[in-house]
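Each chain is listed here by its residues.
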Amino acid sequence: MIVYGKNSVAELLRNSPQEIKKIMVSENFDISSDPRMNASVKKFRIKLTHLSRNAITDICKSPNHQGIAAEISDFVYSSVEEILGVAKQRQEKVFLLVLDHIEDPQNLGAIIRTADFLGVHGIVIPADRACDVNPTVVKVSSGASANIKIARETNLGRVIDSLKKKGVWVAGADTDSEDAVCDCDFASLDIAVVIGNEGRGMRSKTKQKCDFLLSIPREGKVESLNASVAAGIFLYEVYRQRHGTKAL
């Protein structure tokens, strides 16, 4: 897989340098101008290749590479059990995110970045009819995909049932719900937040499996939010309650 963009490559160098096969830079990109990146490349003896900007564009299939790209192994997905293991290792209440068929890589990348920022233990995505972790997702996440475990499962309903049997409560984002996300007690619960598809929201089968259906209070005329924005609000509310932080 090709990861491109300065922030994405820098994040890989900080957190997963062993996954990098080589780094490609254009003729006008001076990697020595960034001491951290330069030091990591030398420390881990990462192959550095100089190419024309057009050549890198062809490799990335995008002109938005900022003159730098890295070749890494294909993304390795985790299991739900491994994600639960992160919570156990940190001695924290479970904090999961389940994405019910997010299709836009821009949304998925933004959601991954927010989830990593707010300390989510892991993300579960479906194996079909949904975006997977591709180079665009990695770039939009600014490399956060290297920091958080992501499981790719064939049956989200079965995953939710399994989580509930383990004592994890499931809260779904639903614009039609009369119960507000800020009124739910997340501080005392092991929780999995479910965010639905960009246009259709959660599937009815997924809704039926949720313990809570919660909405985001609104004042304006817009009836719904972008999936990544909604995810950010839900995840921040869980974080806020668990850390005693005041509401924004």
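Computed from a predicted structure; not experimentally measured. (Residues numbered from 1 in each chain as written. Predicted model: local features only at pLDDT ≥ 70, side-chain atom pairs only at ≥ 80, totals over all residues. Heavy atoms only, no water.)

Which residues make up the pairing of strand β9 (residues 191-196), and what values do they have?
In terms of residue burial, β9 counts as a mostly covered element, since six of its six residues are buried. The sheet contact formed by strand β5 (residues 95-100) and β9 spans six bridges and is parallel. Opposite Val 98, over in β9, you have Val 194 as the bridge partner. (Buried < 20%, exposed > 50% of the residue type's maximum accessible area, 1.4 Å probe, protein only. Helix = DSSP H or I, 4+ residues; strand = E, 2+ residues; numbered from the N terminus. Pairing = 2+ DSSP bridges.)

Account for the nonpolar core, with residues named and values stated.
Counting residues in each nonpolar core, the largest one holds 52 residues, and the members touching the most others are Ile 23, Leu 97, Leu 99 and Ile 123. Here this core gets six residues from one element, more than from any other, and that element is helix α9 (residues 227-243). Non-local contacts of Ile 23, meaning those with residues more than four positions away in its chain, are made with Val 9, Leu 13, Val 41, Ile 46, Lys 47, Leu 48, Thr 49, Ile 68, Ala 69 and Ala 70. Residues Ile 83, Val 168, Val 194 and Met 202 belong to the second largest nonpolar core, which totals 19 residues. (Core = buried A, V, L, I, M, F, W, Y, C linked by side-chain atoms within 4.5 Å. Contact = heavy atoms within 4.5 Å.)

How would you summarise the packing of helix α1 (residues 6-15) against helix α2 (residues 35-43) if you had to cite specific residues and measurements?
Running from amino to carboxyl end, α1 crosses α2 at an angle of 50°, the nearest separation of the two axes being 10 Å. Relative to α2, the element α1 lies oblique. The two elements α1 and α2 meet at a crossing, and its hand is left-handed. For the pair α1 and α2, the contacting residues are Lys 6, Val 9, Ala 10, Leu 13 and Arg 14 in the first and Arg 36, Met 37, Ser 40 and Val 41 in the second. Looking at the contact of α1 with α2 residue by residue, the classes come out as five nonpolar, one polar and three charged. (Axes fitted to C-alpha atoms, helices over the stretch in contact; angles between N-to-C directions. Parallel < 35°, antiparallel > 145°, perpendicular 65-115°, else oblique. Left-handed = near helix turned anticlockwise from the far one by under 90°. Nonpolar A, V, L, I, M, F, W, Y, C, P; charged D, E, K, R; others polar.)

Report on the packing of helix α5 (residues 105-117) against α9, specifying residues and quantitative values.
The N-to-C vectors of α5 and α9 enclose an angle of 15°; their axes lie 9 Å apart at closest approach. Taken together, the axes of α5 and α9 are roughly parallel relative to one another. The chirality of how α5 crosses α9 is right-handed. Along the contact surface, α5 presents Asn 107, Ala 110, Ile 111, Thr 114 and Ala 115, while α9 presents Ala 227, Ser 228, Ala 231, Gly 232 and Leu 235. Tallied by class, the residues present in the contact of α5 with α9 amount to six nonpolar, four polar and no charged.

Which residues make up the packing of aromatic side chains, and what are the values?
Enumeration according to the criterion identifies three aromatic pairs in this entry. Taking the centre distance of 4.9 Å and the plane angle of 75° together, the rings of Phe 75 and Tyr 77 count as edge-to-face. Judged by its relative accessible area of 26%, Tyr 77 is partly exposed. (Phe/Tyr/Trp six-rings, centres within 6.5 Å; stacked < 30°, edge-to-face > 60°.)

Requested: an account of unusual backbone geometry, with residues and values cited.
In this model, Lys 61 sits at a positive phi of 60°, which is unusual for a non-glycine residue. As for its position among the elements, Lys 61 is in the loop between α3 (53-60) and β4 (68-72). Residues other than glycine seldom take positive phi values, yet Gln 66 does so here, at roughly 60°. With respect to the element layout, Gln 66 can be found in the loop between α3 and β4. By relative accessible area, Gln 66 is classed as partly exposed at 45%.

Run through the sheet that holds strand β10 (residues 212-214), naming residues and quoting values.
The strand order across the open sheet formed by six strands is β7-β6-β5-β9-β8-β10, and the pairing between neighbours is parallel. The open sheet is flanked by β7 (149-153) and β10, the only strands paired with a single partner. Strand-to-strand twist across the sheet, computed as the mean angle between neighbouring axes with direction ignored, equals 25°. Pairing of strand β8 (residues 169-173) with β9 involves four bridges; the strand directions are parallel. Among the inter-strand pairings, Val 170 is bridged to a residue of β9, identified as Ala 192. Contacts from α9 reach β5, β8, β9 and β10 within the one sheet, and its direction differs from that of β9 by about 165°.

Outline the sheet that holds β4, listing residues and values.
Strands sit in the order β1-β4-β2-β3 across an open sheet of four strands; the sheet is mixed. Where the open sheet ends on each side, the last strands, each with one partner, are β1 (2-4) and β3 (47-51). Recorded for the sheet is a direction-independent mean angle of 25° between the axes of neighbouring strands.

Any details on the layout of surface pockets? Residues and values, ideally.
Of the volumes computed, that of the largest pocket is approximately 540 Å³. For the largest pocket, the lining is made up of 27 residues, of which Asp 174, Thr 175, Ser 224, Leu 225 and Ala 230 are closest to its centre. The set of elements that each furnish at least two residues to the lining of the largest pocket consists of β9 and α9. Looking at which element gives the most residues to the lining of the largest pocket, the answer is α9, with three residues. Its residues assigned to classes, the lining of the largest pocket comprises eleven nonpolar, nine polar and seven charged. Computed from the structure, the second largest pocket encloses a volume of approximately 330 Å³. What lines the second largest pocket is a set of 19 residues, among which Glu 19, Phe 75, Val 76, Ser 145 and Ala 146 lie closest to the centre. Across the lining of the second largest pocket, the residue classes break down as ten nonpolar, six polar and three charged. (1 Å grid on protein atoms, 1.4 Å probe; cavity = no way out; pocket = protein on both sides within 12 Å on 5 of 7 lines; lining within 4 Å. Points joined across faces, edges and corners; volume = space filled by probe spheres on them.)

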